[in-house]
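So you can see what is in the structure, the chains are spelled out below.
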Amino acid sequence: MLDSDVWTHPTRLDYPDIEAAAERITGRVRAVSVAAAQHGRRPEAETDTGATWVALPTVDPAAAGLYFALEFMQYTGTFKARGAQNFIRAHLDAGSFPAAGVTIASGGNAGLACAWAAREAGVRATVFVPETAPAVKVDRLRSYGADVRLVGSEYAEAAAACAEFAESSGALASHAYDDPLIAAGAGTVFTEILAQVPDLDTVVVSVGGGGLFAGVATAATFHGVRTVAVEPQGSHAFNAALEAGAPVDVTVDSVAADSLGARRATPLALAAAQTDLVTSVLVSDPEIIAARRHLWAEHRLVVEHAAATALAGVHSSGGYTPEPGEKVAVVLCGANTGLGDLT
């Protein structure tokens, strides 16, 4: 455990937690780039997915009010680098880092970030991933020098093996999303977005376990900005937690499950949602695929399905519809993907 002066709220975040994370990781992660983007027309290439898109006019990008936060350009290809740096640096500063190093279970992206941050800090990393993890992520994990262990068919099984390893080895157990230091690190992306779009009305994020959402929503709510949380219909742990009033287990079946495949949302996410500035949206797999193809066809951006999920939340028929003149930033959170399924 960290000393109380390092972390004081294990089940919720406050804005000072985001500020503390920013101080730790500044200069260790890439500042996010924010680009104005035209509202998308409906390209012919997208009509075969079965998704229904809102027909928004093609206007001047700045006037349209839609922005892309290009967080997939972050080290290791996702926002996860922020939380990993914050977690490892906080424990190093507190003198609580064991000789056995750090261990984490991940669908791939959190493990990549942990392995990268561990290498940067000169400490050992043991990463557990499901056997179904994309090869591109497993290969990159090994390139960072991590001890990679493939266990089970989904994240929960890898997580159980990781917990057993932490107990037997004494390694410091990190988490893909359910840790206040991880979530606070992720939330620093919002303050960087706001610095570039100071009159922002709404930020849109995809949600798996809820670490990114918890951090972003905490920071956004502090500044009076709405957060739209977007999940696949087949992997909706956060939405289910909102309906139940507590984290509950859900089944996972989505094209975005490699990144958004958490069975249960973190309590940090549920706590951050206790405001009328949070909106939960569910989208279908065809809509996610359409959004991903749109980003390539219209913007030449290649992202993973998890990132496209966020855009689907404002482009699909059942998603969030911005008001005229509303300024909306969509966080494109990662791009650890192969190119073969873009078309």
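Description of the structure in this document. (Residues numbered from 1 in each chain as written. Predicted model: local features only at pLDDT ≥ 70, side-chain atom pairs only at ≥ 80, totals over all residues. Heavy atoms only, no water.)

Secondary-structure assignment places Val-278 in strand S9 (residues 278–283). Counting along the chain gives 61 residues from Val-278 to Ala-217, while the straight-line C-alpha distance between them is 7.5 Å. Apart from residues lying up to four places away in sequence, Val-278 is in contact with Phe-213, Ala-217, Thr-227, Phe-238, Ala-272 and Ala-273. (Helix = DSSP H or I, 4+ residues; strand = E, 2+ residues; numbered from the N terminus. Contact = heavy atoms within 4.5 Å.)

Turning our attention to the layout of surface pockets. To find the voids left in a structure, one rolls a probe of water-molecule size over its atoms. Here the largest pocket is characterised by a volume of approximately 540 Å³. If you trace the largest pocket, you find 35 residues lining it, with Ala-257, Asp-258, Ser-259, Leu-260 and Gly-261 closest to the centre. Those elements that place two or more of their residues in the lining of the largest pocket are helix H4 (109–121), helix H8 (211–222) and helix H10 (257–260). With four residues, the top contributor of residues to the lining of the largest pocket is H10. In the lining of the largest pocket, the residues fall into 16 nonpolar, 15 polar and four charged. (1 Å grid on protein atoms, 1.4 Å probe; cavity = no way out; pocket = protein on both sides within 12 Å on 5 of 7 lines; lining within 4 Å. Points joined across faces, edges and corners; volume = space filled by probe spheres on them. Nonpolar A, V, L, I, M, F, W, Y, C, P; charged D, E, K, R; others polar.)

A few words now on the packing of helix H3 (residues 80–94) against H4. Describing two packed helices takes the angle between their axes plus the distance from one axis to the other. Here H3 crosses H4 at 45°, and the two axes come no closer than 8 Å. Judged by the angle between their axes, H3 and H4 are oblique. Helix-helix and strand crossings are classified by hand; for H3 and H4 the assignment is right-handed. The segment H3 lies against H4, with Lys-80, Ala-81, Ala-84, Gln-85, Ile-88, Arg-89 and Leu-92 engaging Asn-109, Ala-110, Ala-113, Cys-114, Trp-116, Ala-117, Ala-118, Glu-120 and Ala-121. For the contact of H3 with H4, the per-class residue count stands at eleven nonpolar, two polar and three charged. (Axes fitted to C-alpha atoms, helices over the stretch in contact; angles between N-to-C directions. Parallel < 35°, antiparallel > 145°, perpendicular 65-115°, else oblique. Left-handed = near helix turned anticlockwise from the far one by under 90°.)

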